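Structural features, examined
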Amino acid sequence: MKKTILTLLFLGTFSFCFSQSSKLMVYVQFTGIEAGYDHETKTSVFVDGKEYGTSSVTLQSKTGSFAVEVPQGNHSLRVVNYALYEGNWEEHTIENDYSIDCVYESETKFSKKPQKLYLVFDIDSGTHYSWKKPVKK
């Protein structure tokens, strides 16, 4: 009985240590939108290739934010904006005939402390980002 309790305590502690997550707040803004091209969009967060969360659908002209829980540690982060075109969601990229690549990619260390990522997709000058504070242009 004592061994069973110790084993359960060990497994509980072990799984707790390796399942810790961190909060990532993502702020999204578009600038330079041309008349007639205010697409419906959504933004998704991928960590190590796995999707961890997606924003609600909104028009490009509406600034938005959303939170996702991501795993702690060093990870490959990819944040991509999608546009609704003829009933299909597609990556908002030059390859798909949009003006700019609305994508952010980096190797990022996530700790216990919540983090904030600010993204500005500027149709005239590209994608800009800032950690902790809003983007200054």
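All values derive from a computational prediction rather than experimental measurement. (Residues numbered from 1 in each chain as written. Predicted model: local features only at pLDDT ≥ 70, side-chain atom pairs only at ≥ 80, totals over all residues. Heavy atoms only, no water.)

This brings us to the side chain of Q60. Position of Q60 among the secondary structure elements: in the loop between strand 4 (58-59) and strand 5 (64-71). In this structure the side chain of Q60 is engaged in a polar contact, spanning 3.0 Å, whose partner is the backbone oxygen of Y37. Not counting residues up to four positions away in its chain, the partners in contact with Q60 are F30, I33, Y37, D38, H39, T41 and H92. (Helix = DSSP H or I, 4+ residues; strand = E, 2+ residues; numbered from the N terminus. Polar contact = N/O pair within 3.5 Å; in protein donor to acceptor, adjacent residues only side chain to side chain. Contact = heavy atoms within 4.5 Å.)

On to unusual backbone geometry, then. Phi at E86 takes a positive value of approximately 50 degrees, unusual for a residue other than glycine. Take E86: it is sitting in the loop between strand 6 (73-85) and strand 7 (88-91). The phi angle at D97 is positive, at roughly 70 degrees, despite the residue not being glycine. A relative accessible area of 74% places D97 in the exposed class. (Buried < 20%, exposed > 50% of the residue type's maximum accessible area, 1.4 Å probe, protein only.)

With that settled, the discussion passes to the pattern of salt bridges. This model, assessed by the stated rule, comprises two salt bridges. Here R78 and E105 are joined by a salt bridge, their closest N and O atoms 3.2 Å apart. Here E105 lies in strand 8 (residues 103-110) and R78 lies in strand 6, a separation of 27 residues in the sequence. Each of R78, E91 and E105 takes part in a single network of salt bridges with overlapping partners. (Salt bridge = Lys/Arg side-chain N within 4 Å of Asp/Glu carboxyl O.)

A few words now on the layout of surface pockets. A volume near 270 Å³ is recorded for the largest pocket. Taken together, 14 residues form the lining of the largest pocket, with Y37, H39, D97, Y98 and S99 sitting closest to its centre. (1 Å grid on protein atoms, 1.4 Å probe; cavity = no way out; pocket = protein on both sides within 12 Å on 5 of 7 lines; lining within 4 Å. Points joined across faces, edges and corners; volume = space filled by probe spheres on them.)

Turning next to the packing of aromatic side chains. Considering all chains together, one arrives at four aromatic pairs under this definition. Arranged with centres 4.4 Å apart and planes meeting at 10 degrees, the rings of Y27 and Y118 form a pair that is stacked. Of this pair, Y27 sits in strand 1 (residues 21-31) while Y118 is found in strand 9 (residues 115-122), placing the two residues 91 residues apart along the sequence. Centre to centre, the rings of F30 and F121 are 5.1 Å apart; their planes meet at 50 degrees, and the pair counts as tilted. Placement of the pair is F30 in strand 1 and F121 in strand 9, with a sequence separation of 91 residues. (Phe/Tyr/Trp six-rings, centres within 6.5 Å; stacked < 30°, edge-to-face > 60°.)

Right, let's get into the environment of G126. Note that G126 resides in strand 10 (residues 126-131). Note on G126: relative accessible area 15%, which makes it buried. Linking G126 and T31, residues 95 residues apart in sequence, is a C-alpha distance of 9.7 Å. Setting aside chain neighbours within four positions, we find G126 in contact with I100, V120 and F121.

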